[in-house]
Amino acid sequence: QVQLVESGGGLVQAGGSLRLSCAASGRTFSSFAMAWFRQAPGKEREFVAAISWSGGSTYYADSVKGRFTISRDNAKNTVYLRMNSLKPDDTAVYYCAAGALILTHVAPEYDYWGQGTQVTVSS
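Residues numbered from 1 in each chain as written. Predicted model: local features only at pLDDT ≥ 70, side-chain atom pairs only at ≥ 80, totals over all residues. Heavy atoms only, no water.

### Section: the packing of aromatic side chains
Counted by the stated rule, this structure contains four aromatic pairs. Residues Phe-37 and Trp-113 carry aromatic rings whose centres are separated by 5.1 Å and whose planes lie at 55° to one another, so their mutual orientation is tilted. Here Trp-113 lies in strand E10 (residues 112–113) and Phe-37 lies in strand E4 (residues 33–39), a separation of 76 residues in the sequence. A relative accessible area of 2% means that Phe-37 is categorised as buried. Overall, Trp-113 belongs to the partly exposed group, its relative accessible area being 26%. Aromatic side chains Tyr-110 and Trp-113 sit 6.5 Å apart centroid to centroid with 75° between the ring planes, which places their arrangement in the edge-to-face category. The structure contains a cluster of three or more aromatic residues connected by ring pairs, namely Phe-37, Phe-47, Tyr-110 and Trp-113. Over the face of the ring belonging to Trp-113 we find Arg-45, whose NZ or CZ atom lies 4.4 Å from the ring centre. (Phe/Tyr/Trp six-rings, centres within 6.5 Å; stacked < 30°, edge-to-face > 60°. Helix = DSSP H or I, 4+ residues; strand = E, 2+ residues; numbered from the N terminus. Buried < 20%, exposed > 50% of the residue type's maximum accessible area, 1.4 Å probe, protein only. Lys NZ or Arg CZ within 6 Å of the ring centre and 35° of its normal.)

Next comes the structure, spelled out in structure tokens:
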């Protein structure tokens, strides 16, 4: 089993930046791909970004490409999401996901999910 805990969310002005962190722990540790998803009120869960075990392969949703950067530090069992040039449309609960056998944007492929952290971008 793997436990994921997100942190770093908060309130930020449009155009500002936030850095989210996701710390992984458990009896065993997996080197599966990890990802970030988000869900705004009244909307479906949306893929944001994913990263491979090595960190050498990343994928981004078109809506965040060029603004967000996903990275991971395996020594710290942590994945990060650096969010720049934030817009009100980025407001959502952001979830960390892990456990996919391959790098994928398909949510059901991820077996483990964090509790989420709220990101609110004011206009």
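Let's pick the thread back up.
### Re the nonpolar core
Core analysis: the largest hydrophobic core is formed by 36 residues, its most contacted members being Leu-4, Trp-36, Leu-81, Met-83 and Tyr-94. Looking at this core, the element that brings in the most residues is strand E9 (residues 92–100), giving six residues. (Core = buried A, V, L, I, M, F, W, Y, C linked by side-chain atoms within 4.5 Å.)

### Examining the pattern of salt bridges
Using the criterion set out here, one finds three salt bridges in the structure. For Arg-38, the salt bridge is made with Asp-90, and the minimal N-O distance between the two is 2.9 Å. Of this pair, Arg-38 sits in strand E4 while Asp-90 sits in the loop between strand E8 (78–83) and E9, placing them 52 residues apart in sequence. Note that Arg-67 is salt-bridged to Asp-90, the shortest N-O span being 2.8 Å. Taken together, the residues Arg-67 in the loop between strand E6 (58–60) and strand E7 (68–73) and Asp-90 in the loop between E8 and E9 connect sequence positions 23 residues apart. Each member of the pair, Arg-67 together with Asp-90, is buried. Within this structure, Arg-38, Glu-46, Arg-67 and Asp-90 form a network of salt bridges that share partners. (Salt bridge = Lys/Arg side-chain N within 4 Å of Asp/Glu carboxyl O.)

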